[in-house]
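Residue-level listing of the chains:
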Amino acid sequence: MIARFIITAAVALFFAPPITTPAAEHPGAQRVVTLQAPASWTERPQAQAKEVSKADISAGIKKHIASETKKSTNRKFHVNYKGQDLALDLIRVHDDRLSSLGGGKYFACVDMKAADGKTYDIDFFMTGQPGNMKVTETSVHKINGKPLYNWKEVNGIWKKV
């Protein structure tokens, strides 16, 4: 009897429509989804892409920041915010907020400090494979802990709100 109830509940949950989530501080923070068709579904064998781990995302964002910092004349990481060039130093990478967004896209969040003492939370979106991550978008998310926007998942896609 209990087994029948459990099976019925599992089937019902499987076919239930997705539940919309409220706005979140960072995209993908609640879950990580990776879908891949079994190799038997394809007609010819394809090279397996390496799965990107949170450690790969962390290493990729640190490498990007170090590279950009090394290129700048003042050894600072530069971000444009509302027409103003922010020269920043890395404080830390939020390893707890690194996420796979699916479709080969990844998210990283870091804290950085400006010369005037303000702390900036910077969001990075990346693509690539382990050892070869590329930043595709950078945005200022918070200034001194005050959010400028939040994130909301709509039909499986994270959007700024």
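If you're wondering where the values come from, they're calculated on a predicted model, not measured in any experiment.

So, on to the overall build of the protein. Within the protein, the secondary structure is distributed over two helices and nine strands. For the protein, the N- to C-terminal ordering of α and β elements is α-α-β-β-β-β-β-β-β-β-β. Evaluated residue by residue, the protein yields a buried proportion of 29% over its 161 residues. Long-range contacts, defined here as pairs at least 24 residues apart, represent 46% of the contacts in the protein between residues at least 6 apart.

On to the nonpolar core, then. One finds Ile-57, Ile-61, Leu-88, Val-110, Ile-122 and Phe-124 to be the most contacted residues of the largest nonpolar core, which totals 22 residues. If you list the elements that add at least two residues to this core, you get helix H2 (54–71), strand E1 (77–81), strand E2 (84–93), strand E4 (105–114), strand E5 (119–129) and strand E6 (132–143). Per-element accounting of this core gives the leading share, five residues, to E4. Every residue in contact with Ile-61, bar those within four places of it in the chain, is listed here: Val-93, Ala-108, Val-110, Phe-124, Met-126 and Val-135. By size, the runner-up hydrophobic cluster in this structure holds six residues, among which are Phe-107, Phe-125, Trp-151 and Trp-158.

The next point concerns H2. Relative to the 26 Å expected for 18 residues at 1.5 Å per residue, H2 spans 26 Å between its end C-alpha atoms, a close match to the ideal helical length. Among all positions of H2, only Asp-56, Ile-57, Ser-58, Gly-60, Ile-61, Ile-65 and Thr-69 are buried. Buried-residue contacts for H2 involve E1, E2, strand E3 (99–102), E4, E5 and E6.

Criteria and thresholds
- Residues numbered from 1 in each chain as written.
- Predicted model: local features only at pLDDT ≥ 70, side-chain atom pairs only at ≥ 80, totals over all residues.
- Heavy atoms only, no water.
- Helix = DSSP H or I, 4+ residues; strand = E, 2+ residues; numbered from the N terminus.
- Buried < 20%, exposed > 50% of the residue type's maximum accessible area, 1.4 Å probe, protein only.
- Contact = heavy atoms within 4.5 Å.
- Core = buried A, V, L, I, M, F, W, Y, C linked by side-chain atoms within 4.5 Å.
- Expected span 1.5 Å × (residues − 1).

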